[in-house]
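# Chains, contacts and geometry: an overview
Chain by chain, the residues:
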Amino acid sequence: MIVVEKIRKEFGKNQVLKGISFNLKKGEFAVVLGSSGAGKSTLLRCLNGLCQPTSGKIVINDVEMNQKNLNKIRKRVGFIFQNINVVGNLTVMQNVLTGSLAGKSPWNIFFDREEKKKAIQAIEMVGLADKVNTRVDKLSGGQKQRVGIARVLVHNPEIILADEPVSSLDPVTGQGIMELLEHINQDLGTTVLCNLHQIEYAKQFAKRIFGIENGYIQFDKQVSEISDVDLKSIYGHSFNKQDRPKEIDDRNDSYSLQYDVI
Ligand SMILES: Nc1ncnc2c1ncn2[C@@H]1O[C@H](COP(=O)(O)OP(=O)(O)OP(=O)(O)O)[C@@H](O)[C@H]1O
Ligand SMILES: [Mg+2]
């Protein structure tokens, strides 16, 4: 359903993607891992037409992506952002409705019964039924991300691209968001491709993991096949406690959570 063939992306002299190819079948749940700056967001943005590859081919459901069919393809491919992309001074319902009708003003539009019904269904699915008329700036980070997901769901997307959807959330809230994506994947059959920094979430939720480094896919494996060598190929150091330098343990960064899982 997604075919990516030899895509390259350059920003000036910066060669970010140097030839990425993979296929993703309908209903798969795959995660992209890679160090900061490896090109994970660039890859996802290319798949949604937010960014144009310098060369290469992207085919979504047998349709090759080009400038002309971009809007059509975008309706089938929902994008969930790292920096939660909702409008604070609108209610949950208004955010979700405006997500369903790109181009209309949120203040002066008519939504028919069917559109409202779809919005309510999406809001229920993300677990915010009791917050329909709450202003989004009164919600927690996790709840805001749920609104972002509901905005995507009203389109009935066949594919969801999620770019570090849990990076700004605490582990418990992040787990809830990952479970929601899993639920959408399993119950609706939506294909999910998700960028993550948390290896433990990747192992828990993905069936398949891509590792990106230096512009290339370093590995593309089923979760059960991922080894410490694979992770070393993208992060540059071992995740086995006895093998890794002490200064890495001393670092108090977002990777610290990941060390105990391998
Ligand atoms: N619009 C842009 N213009 C110029 N350079 C860009 C642009 N977007 C990304 N880059 C560059 O592309 C490279 C990859 O960035 P990208 O955001 O895809 O990495 P990432 O793997 O998502 O990193 P992170 O884990 O920090 O989110 C970086 O060197 C970045 O500076
Ligand atoms: Mg990124």
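Along each chain, the written sequence defines residue order, and numbers are assigned to residues from 1. Chains carry letters from A onward and ligands carry numbers from 1 onward, assigned in written order. The predicted nature of this model means local features are confined to residues of pLDDT at least 70 and side-chain atom pairs, given and counted, to a pLDDT of 80 or more, with totals for whole chains, interfaces and linings taken over all residues. Values shown for side chains rest on all heavy atoms present in the structure; no hydrogens or waters enter the calculation.

### Let's talk about the packing of aromatic side chains
Put simply, two rings from Phe, Tyr or Trp (the six-membered ring, in Trp's case) pair if the centres are within 6.5 Å, and we call them stacked under 30 degrees between planes, edge-to-face over 60, tilted for the rest. Evaluation of the coordinates by the stated rule reveals three aromatic pairs. Taking the centre distance of 4.6 Å and the plane angle of 45 degrees together, the rings of phenylalanine 22 and phenylalanine 210 count as tilted. Of this pair, phenylalanine 22 sits in strand 2 (residues 14-24) while phenylalanine 210 sits in strand 9 (residues 208-213), placing them 188 residues apart in sequence. Burial classes: relative accessible area under 20% of the type maximum marks a residue as buried, over 50% as exposed, and values in between as partly exposed (1.4 Å probe, protein chains only). Overall, the relative accessible area of 1% leaves phenylalanine 210 in the buried class. Their ring planes at 55 degrees and their centres at 6.3 Å tell us that tyrosine 201 and phenylalanine 205 sit as a pair that is tilted. One end of the pair is tyrosine 201 and the other is phenylalanine 205, both in helix 7 (residues 199-205) and four residues apart, which spans about a single turn. We note that tyrosine 201, like phenylalanine 205, is buried. Strands here are runs of E lasting at least two residues and helices are runs of H or I lasting at least four, both read from the DSSP assignment and numbered beginning at the N terminus.

### A look at the pattern of salt bridges
Whenever a carboxyl oxygen of Asp or Glu lies within 4 Å of a side-chain nitrogen of Lys or Arg, that contact is scored as a salt bridge. Tallied over the entire structure, the rule returns seven salt bridges. Between glutamate 28 and arginine 208 there is a salt bridge, and its shortest N-O distance comes to 3.0 Å. Taken together, the residues span a long stretch of sequence, with glutamate 28 in the loop between strand 2 and strand 3 (29-33) and arginine 208 in strand 9 at a distance of 180 residues. Residue classification places glutamate 28 among the buried positions, given a relative accessible area of 15%.

### Re helix 8 (residues 228-235)
Among all positions of helix 8, only Asp228, Asp230, Leu231, Ile234 and Tyr235 are buried. One side of helix 8 holds all its buried residues, which, seen down the axis, span an arc of 155 degrees. Against the buried residues of helix 8 lie strand 3, helix 7, strand 9 and strand 10 (216-222). Trailing helix 8 by a residue or two, glycine 236 shows a phi angle of about 80 degrees, which is positive. Relevant arc is that of directions from the helix axis to the C-beta atoms, nothing else. By the convention used here, residues are in contact when the closest approach between their heavy atoms is within 4.5 Å.

### Some points on unusual backbone geometry
The phi dihedral of lysine 6 is positive, around 50 degrees, even though this residue is not glycine. Tracing the backbone shows lysine 6 in strand 1 (residues 2-11). On the accessibility criterion, lysine 6 (62% relative accessible area) is exposed. Of note, the phi angle at asparagine 214 is positive, near 55 degrees, even though the residue is not glycine. Note on placement: asparagine 214 falls in the loop between strand 9 and strand 10.

Any functional reading would require information beyond the geometric quantities listed.
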